[in-house]
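Overview (structure and organization)
Spelled out from the first residue to the last, the chains are:
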Amino acid sequence: MNPLGLYVHVPFCAHACDFCAFYQEPPRKADIDLYFSALEAELRQRVPQLPYDTIFWGGGTPGILSTADIIRLGQLCLQHLSAPPKEWTIELAPSTVKKDKALALRELGVNRVSLGVQSFDASLLDAIGRRHQPAVIYRAIDILRDAGFENMNIDLMFALPGQSFAMWQKDLEEAVSMQPTHISTYCLTFEEDTALWSKLSRGEIAKRTEFEEAAFYRDTWAMLEAHGYAQYEISNFARAGYPCRHNLNTWDMQEWIGVGPSGSTQYGRRRSTNIHNLQRWADGYLSSVPCCVDEQDLSDATLVADALVFGLRMNQGVCLDRLRRRFAFPLYEQTLQLFTALQDEGLLTLDNTRVALTESGRLVADQIAVHILELLD
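Described below are features of the structure shown in this document. None of these values were measured; they are calculated from a predicted model. (Residues numbered from 1 in each chain as written. Predicted model: local features only at pLDDT ≥ 70, side-chain atom pairs only at ≥ 80, totals over all residues. Heavy atoms only, no water.)

1. Focus: the overall build of the chain
Basically, it comes down to this: Each helix is a run of H or I in the DSSP string that is no shorter than four residues. Each strand is a run of E no shorter than two, and both are numbered from the N terminus. Using C-alpha atoms as the atom set, the radius of gyration is obtained and then compared with a globule rule of 2.2 Å times the number of residues to the power 0.38. Note on exposure labels: buried denotes an accessible area under 20% of the residue type's maximum, exposed denotes more than 50%, and partly exposed covers the range between, all computed with a 1.4 Å probe on protein chains only. The contact criterion used throughout is that any non-hydrogen atoms of two residues lie within 4.5 Å. For accessible areas, the Shrake-Rupley method is used with a probe of radius 1.4 Å. Any residue's cover is judged against the shown protein chains and nothing else. Positive: Lys, Arg. Negative: Asp, Glu. His and the chain ends are not part of the count. A charge is said to be at NZ when it belongs to Lys, at CZ for Arg, at CG for Asp and at CD for Glu.
The helix and strand tally for the chain stands at 15 helices and 15 strands. Its C-alpha atoms give the chain a radius of gyration of 21 Å, near enough to 21 Å, the size a compact globule of 377 residues would have. Each of the three principal axes of the chain carries a C-alpha extent, and together these read 60 × 50 × 45 Å. Counting only residues that meet the buried cut, the chain has 54% of its 377 residues in that class. Within the chain, contacts between residues at least 6 apart in sequence are counted, and of these 70% link residues at least 24 apart. Here the chain displays about 16800 Å² of accessible surface, and carbon together with sulfur accounts for 50% of that area. Side chains of the chain give 34 positive and 48 negative charges; the mean places of these two sets differ by 5 Å.

2. Notes on the nonpolar core
Our working rule: Each nonpolar core is a collection of buried residues, namely Ala, Val, Leu, Ile, Met, Phe, Trp, Tyr and Cys, held together in the definition by side-chain atoms within 4.5 Å.
Formed by 100 residues in total, the largest nonpolar core has its most connected members in Leu 6, Val 8, Tyr 35, Trp 57, Leu 308 and Phe 339. Looking at this core element by element, the count peaks at eight residues for helix H1 (residues 29-46). Apart from the residues lying within four places of it in its own chain, the contact partners of Val 8 are Tyr 35, Leu 39, Phe 56, Trp 57, Gly 58, Leu 73, Cys 77 and Val 259. With eleven residues, the next largest nonpolar core counts Cys 17, Phe 19, Leu 188 and Ile 205 among its residues.

3. Notes on the layout of surface pockets
Cut-off, in case you're wondering: Think of a 1 Å grid over the protein atoms and nothing else: a 1.4 Å probe that fits but is trapped marks a cavity, an open set flanked by protein within 12 Å on at least five of seven lines marks a pocket, and residues with an atom within 4 Å of a point count as lining. Grid points are joined across faces, edges and corners, and a volume is the space filled by probe spheres set on the points.
Size it by volume and the second largest pocket reaches roughly 170 Å³. In terms of lining residues, the second largest pocket is bounded by Asn 2, Met 253, Gln 254, Glu 255, Gln 266, Tyr 267, Gly 268, Arg 269, Leu 298, Leu 303, Arg 326 and Phe 327.

4. A closer look at the packing of aromatic side chains
For clarity, the cut-off: Stacked, tilted and edge-to-face are the three classes assigned to paired rings of Phe, Tyr and Trp, where Trp is represented by its six-membered ring and a pair needs centres within 6.5 Å; plane angles under 30 degrees give stacked, over 60 edge-to-face, the rest tilted. Two conditions define a charge located above a ring, namely a distance within 6 Å from the ring centre to NZ of Lys or CZ of Arg, and an angle within 35 degrees of the ring normal.
One pass over the full model with this rule turns up 14 aromatic pairs. Between Phe 12 and Tyr 35 the ring centres are 5.5 Å apart and the planes differ by 80°, which places this aromatic pair in the edge-to-face class. Residue Phe 12 is located in the loop between strand S1 (4-10) and H1, and its partner Tyr 35 is located in helix H1; the two are separated by 23 residues in the primary sequence. Each member of the pair, Phe 12 as well as Tyr 35, is classed as buried. In this arrangement the basic side chain of Arg 239 is found over the ring face of Tyr 229, its NZ or CZ atom lying 4.1 Å from the centre.

5. Regarding the side chain of Ser 235
The topology assignment puts Ser 235 in the loop between strand S7 (230-233) and strand S8 (236-238). Setting aside chain neighbours within four positions, we find Ser 235 in contact with Ile 183, Ser 184, Thr 185, Tyr 186 and Arg 313.

6. With respect to the environment of Arg 239
One can find Arg 239 in the loop between S8 and helix H9 (245-251). With a relative accessible area of 28%, Arg 239 lands in the partly exposed category. Linking Arg 239 and Phe 120, residues 119 residues apart in sequence, is a C-alpha distance of 21 Å.

7. So, the packing of helix H11 (residues 300-311) against helix H15 (residues 365-376)
Between two packed helices, the angle of one axis relative to the other and the distance separating the axes together describe the packing. Put simply, the rule is: Every axis corresponds to a line fitted to the C-alpha atoms, with the helix fit spanning only the stretch in contact, and the corresponding angles, defined between N-to-C directions, vary from 0 to 180 degrees. If an angle is under 35 degrees, it is roughly parallel; if it is over 145, roughly antiparallel; if it lies from 65 to 115, roughly perpendicular; otherwise it is oblique. Crossings are assigned a handedness: left-handed for a near helix turned anticlockwise from the far helix by less than a right angle, right-handed for a clockwise turn. Residue classes follow a fixed rule: Ala, Val, Leu, Ile, Met, Phe, Trp, Tyr, Cys and Pro count as nonpolar, while Asp, Glu, Lys and Arg count as charged, and any other residue, Gly among them, counts as polar.
Orientation of H11 relative to H15, taken along the N-to-C sense of each, is 170°, at an axis distance of 10 Å. With respect to H15, the element H11 is oriented roughly antiparallel. Read as a crossing pair, H11 and H15 show a hand that is right-handed. Judged by residue contacts, Ala 301, Val 304, Ala 305, Asp 306, Leu 308 and Val 309 of H11 engage Ala 369, Ile 372, Leu 373 and Leu 376 from H15. In terms of residue class, the contact of H11 with H15 is built from nine nonpolar, no polar and one charged.

8. Topic: helix H3 (residues 99-108)
Defined as follows: Along the arc lie the directions from the helix axis toward the C-beta atoms.
Residues of H3 that are buried include every one of Lys 101, Ala 102, Ala 104, Leu 105 and Leu 108, and no others. Seen end-on, H3 carries its buried residues on one side only, within an arc spanning 165°. Residues Lys 99 and Glu 107 are exposed on H3 and point more than 90 degrees away from its buried face. For H3, the secondary structure elements touched by its buried residues are strand S2 (54-59), helix H2 (67-78), strand S3 (87-92) and helix H5 (134-146). Looking one or two residues past H3, Gly 109 carries a phi angle of roughly 115°, positive in sign.

9. Considerations on empty space enclosed by the protein
Taken as a whole and assessed by the stated rule, the structure comprises one cavity of 30 Å³ or more. Around the largest cavity, the lining residues are Pro 94, Ser 95, Val 97, Lys 98, Val 136, Arg 139, Ala 140 and Ile 143. Along the lines of polarity and charge, the residues of the lining of the largest cavity split into five nonpolar, one polar and two charged.

10. Description of the sheet that holds strand S15 (residues 354-357)
Where we set the bar: Note on pairing: two strands pair once DSSP finds at least 2 bridges between them.
Pairing in this open sheet of three strands is antiparallel, and the strands run S13-S15-S14 from one edge to the other. Two strands bound the open sheet, and with one partner strand each, they are strand S13 (318-319) and strand S14 (348-351). Bridge count for S13 against S15 is two bridges, and the pairing is antiparallel. If you follow Val 318 over to S15, its bridge partner there is Val 355. Against the sheet, helix H13 (residues 332-344) engages S14 and S15, with an angle of about 125° to S14.

11. Notes on H11
For clarity, the cut-off: A helix is expected to reach a length of 1.5 Å times the quantity of its residues less one.
Between its terminal C-alpha atoms H11 stretches 15 Å, which fits the 16 Å expected from twelve residues at 1.5 Å a residue. Along H11, the residues that are buried comprise Leu 303, Val 304, Ala 305, Asp 306, Ala 307, Leu 308, Val 309 and Gly 311.

12. Considerations on the environment of Asn 274
Note the following rule: Throughout this description, a polar contact denotes any pair of N or O atoms lying within 3.5 Å of each other; where both atoms belong to protein, one of them has to be capable of donating a hydrogen while the other can accept it, and for residues adjacent in sequence the pair is counted only when both atoms sit in side chains.
Looking at where Asn 274 falls in the secondary structure, it is placed in strand S11 (residues 270-274). Exposure remark for Asn 274: the relative accessible area of 1% places this residue in the buried category. For Asn 274 and Cys 291, which are 17 residues apart along the polypeptide, the C-alpha to C-alpha distance reads 6.3 Å. Looking at Asn 274, its side chain comes within polar contact range of the side chain of Glu 42, at 2.7 Å. Only 2.9 Å separates the side chain of Asn 274 from the backbone oxygen of Gly 260, close enough to count as a polar contact.

Laid out in structure tokens, this is it:
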């Protein structure tokens, strides 16, 4: 069977960070009760009882749930699996990590944590609206380790307002010293309808130049490689044997089912996204009339284009022969011509039928994606 993932969106968050554009709601008790009632209905209606390779709890802030609700959520998921998943991840904010919650997660079978650190510098955390202090990060890591979590990701962000290259290197060094199995590094992006976007629009902060962002990227890649973290995707680095399986399945255009408000699904050659509204999402599933947006049947052309766009973000690249076995590959010869031209520019390598971006290509991956989509669309 092809890999299958289950994504559970927990929309509750006590405070929206200045950079965050994900759907979220304040953690009101009535809304949490409504969420569980509707989630149980959605799982029953949409999630077939199959073996799932991965579960991923994202948000919002899943860790904001009480210990009892975390157990309830885990048991709801397990009822719809025919076997425990190989990888079960939860995103946690450092301030939500408590001993009883960590132990409950391990008892359920959660075996991977992604910790939203962003920075170890108090001034930078304040600049992006993060509420935790560095001391909270260290305490959270200790609690998770004591509970038995060996597989841990640390999320970091760079090109932040006021962040120098030296400050970024210090953050990387501090992350490495924690010895996580995985490190994710994301360049700050300014999403509309966020506090940082408003500050940018008013001229209170400035966006980094492409040259500066490229320097951050290159420094990151070199430093993490030197410390034994292999880059397997543009923003993701792991010790041997610890890449995120859930994300790999997604980038490889496998199948996943997303539940909860704003959860996205790709299953049975069809995509859909739950509406970004807790009440309307709940009303839909409680009345067995789901309220979804962006519904589409998936053509081979769409799947090939997306497999190339996301697959080329991975250092291993994409095997074109494998894509041709999985899907019909429209405009194959034209795609090869595009890749040959990009190879001549030093942006990718084309070895027989495997194509992969060079370091220079990874720096302009978004522009290359536009070329691929323009050709295949």
